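Close look at the chain arrangement
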Amino acid sequence: MSGKDRVLLIEDQADDCRLMLLVLRDRLPGHTVETASDAVSFAEWVARGGFTVAVVDQELAWADAGQVLAALRRHHPECRLLMVAAPGTLVHGLPAELQAMAEVLPRTSAGLLALPERICCSLPVEREDPSPPPQEPASMGGGAPGPPPNQAAQPGRASTQGWTGDELEELAYALSHDLLGTVHLVGQYARLLKEGYQGRLDADASRYLEHLLSGSRRLTEMVEAVLGYLRSDKQDDDRAVVDFSAVAEEAVQHLGALIEEAGARVHWGPLPTLAANRYQMVQLFQNLIGNAIKYRREEPPRIEVSALEHANRWKFAIKDNGTGIDTDNQRRIFRLFHRLGAPNQSPGSGIGLAMCKRIVERHGGRIWVESRLGNGSTFFFTISKDG
Ligand code: ADP
């Protein structure tokens, strides 16, 4: 790589700046990326020079983007200029003089991910093929559950592609956010079509519209589940003394409709009082009891919750009389997005157990399942007494 490959990011939004740095450092390892986040550092960089590409945020708090671009053009006419702008601004059209000075990219995750390619296009040096795009974060929250040694990616641990767990999660978070906005929009327009054209669509068009509506609903649920999973790590980690009988009670209350529809019965014996995050404990119980009902056989679900005290931890068990899980899948189901059976067989996103695993591990414990196909399952998890 040539020493010329220096990119200057002129960005004052810390989150956007971090995301851009993340993407550029991963996808353009031979480039140096510098940042100017305020007027002083920008002035210093203009005086110093030495960059071949500058990426300017169109909405800087401390300067007008047009003036920033003009200053760069004046002092460094050889420098290629890119500008990131909010999608809303792009819809209403940017002033022609801005567009004449810089190539404009939308400030969405798609736009930010396209940045390395646009930067490479603008550099006068030959470079190898860009590295492949980041793939699904397979290690995120995945790994083996339960008693065997835990292989899960820890936050901050480097992944196979040089991304750390934290970075991957940040990227997934940003992507999910954008995706959710887009899916909402699709759903909204589909609903508008349905309401505005009632009685005017033929049978085929109405059927297609229903598919569109149910597809966007399902996608919204999935993206919300991913965001919930990612947020579970950002949530308030406050621990307090938690009465687990009250936790079971609350989880059952939340599952009221499902319990009634399935004719399920949930019993629990004496449960301990322990230091834990109450909100996360309710999520944990709700996921496990909910699954015990969802994956039922013909007969009404019967679920037993119990707990056993050990020297430095409590071991909980949630036993059901449902479909059971074959041995091959008993570890895999705790991985993100791992579901058994046909995709349309039961509603779900394959995130629940990955979330349970994450919650339990944050409480110094482990989670695993013992089961025989067709013979019910018992999910075990431990919670450390140390909180
Ligand atoms: P989801 O329920 O959204 O598919 P989960 O992560 O909660 O996602 O579960 C992953 C898979 O594990 C499910 O798709 C299901 O096949 C299986 N599973 C979970 N809990 C049970 C259970 N109690 N009995 C049988 N299978 C279960």
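This text goes with the structure placed above it.
1. Looking at the side chain of Asn329
- Among the structural elements, Asn329 can be located in the loop between β10 (313-319) and α12 (352-362).
- Of the residues examined, Asn329 reaches a relative accessible area of 13% and is grouped as buried.

2. Digging into the nonpolar core
- Counting 53 residues, the largest nonpolar core has Phe244, Phe285, Leu288, Ile289, Phe316 and Phe381 as its most contacted members.
- The biggest single contributor to this core is helix α11 (residues 278-294), with eight residues.
- Residues within four places of Phe381 in sequence aside, it is in contact with Leu284, Phe285, Leu288, Trp314, Lys315, Phe316, Ile318, Val360, Arg366 and Ile367.

3. Some thoughts on the site of the ligand
- Near the ligand you find 20 residues, and of these Asn291, Tyr295, Arg339, Ser349 and Leu353 are the closest.
- In this structure, Asn291 approaches the ligand through a side-chain N or O atom, which is 2.8 Å from an oxygen atom.
- Across the complex, the protein chains shield 97% of the 530 Å² of accessible surface that the ligand would expose by itself.
- For the shell around the ligand, the secondary-structure elements that each account for two or more residues are α11, α12 and β12 (377-384).

4. A short note on the sheet that holds strand β5 (residues 103-106)
- Taken in spatial order, the five strands line up as β2-β1-β3-β4-β5 in an open sheet, and their pairing is parallel. With partners counted over all chains shown, the strands left at the sheet margins are β2 (32-36) and β5, one partner each. Within the sheet, the average angular offset between the axes of one strand and its neighbour, ignoring direction, is 20 degrees.
- Sheet analysis places strand β1 (residues 6-10) next to β2, joined by five bridges and oriented parallel. Opposite Leu8, over in β2, you have Glu34 as the bridge partner.

5. Quick word on helix α1 (residues 14-27)
- Relative to the 20 Å expected for 14 residues at 1.5 Å per residue, α1 spans 20 Å between its end C-alpha atoms, a close match to the ideal helical length.
- Along α1, the positions that sit buried rather than exposed are Asp16, Cys17, Leu19, Met20, Leu21, Leu22, Val23, Leu24 and Arg27.

6. Notes on the packing of α11 against α12
- The interhelical angle for the contact between α11 and α12, taken along N-to-C directions, is 140 degrees, at an axis separation of 10 Å. Between α11 and α12 lies a crossing whose hand is left-handed. Between α11 and α12, the residues in contact are Gln280, Met281, Gln283, Leu284, Asn287, Leu288 and Asn291 and Gly352, Leu353, Met355, Cys356, Ile359, Val360 and Arg362, respectively.
- Each residue belonging to the contact of α11 with α12 can be placed in one class, and the counts come to eight nonpolar, five polar and one charged.

7. Brief notes about the packing of helix α9 (residues 244-254) against α11
- Direction vectors running N to C along α9 and α11 enclose 55 degrees, while the axes themselves pass 8 Å from each other. The orientation of α9 relative to α11 falls into the category oblique. Two packed elements cross with a definite hand, and for α9 against α11 that hand is right-handed. Along its contact with α9, which presents Phe244, Ala246, Val247, Ala248, Glu250, Ala251, Val252 and His254, the element α11 presents Arg278, Met281, Val282, Phe285, Gln286 and Ile289.
- A breakdown of the residues in the contact of α9 with α11 according to their chemical character gives 10 nonpolar, two polar and two charged.

8. Description of the sheet that holds strand β9 (residues 302-309)
- Spatially, five strands are ordered β7-β9-β10-β12-β11 in an open sheet, and the strand pairing comes out mixed. For this open sheet the edge positions go to β7 (265-268) and β11 (367-371), each flanked by a neighbour on one side alone. Here the average twist between neighbouring strands, direction ignored, is 20 degrees.
- Direction of pairing for β10 relative to β12: antiparallel, over a ladder of seven bridges. Counterpart to Ala317 in the pairing with β12 is Phe380.
- Running at roughly 175 degrees to β7, α9 makes contact with β7 and β10 of the sheet.

What counts as what
- Residues numbered from 1 in each chain as written.
- Predicted model: local features only at pLDDT ≥ 70, side-chain atom pairs only at ≥ 80, totals over all residues.
- Heavy atoms only, no water.
- Helix = DSSP H or I, 4+ residues; strand = E, 2+ residues; numbered from the N terminus.
- Buried < 20%, exposed > 50% of the residue type's maximum accessible area, 1.4 Å probe, protein only.
- Core = buried A, V, L, I, M, F, W, Y, C linked by side-chain atoms within 4.5 Å.
- Contact = heavy atoms within 4.5 Å.
- Near = heavy atom within 4 Å.
- Polar contact = N/O pair within 3.5 Å; in protein donor to acceptor, adjacent residues only side chain to side chain.
- Areas by Shrake-Rupley, 256 points an atom, 1.4 Å probe, with all protein chains shown as cover.
- Pairing = 2+ DSSP bridges.
- Axes fitted to C-alpha atoms, helices over the stretch in contact; angles between N-to-C directions.
- Expected span 1.5 Å × (residues − 1).
- Left-handed = near helix turned anticlockwise from the far one by under 90°.
- Nonpolar A, V, L, I, M, F, W, Y, C, P; charged D, E, K, R; others polar.
- Parallel < 35°, antiparallel > 145°, perpendicular 65-115°, else oblique.

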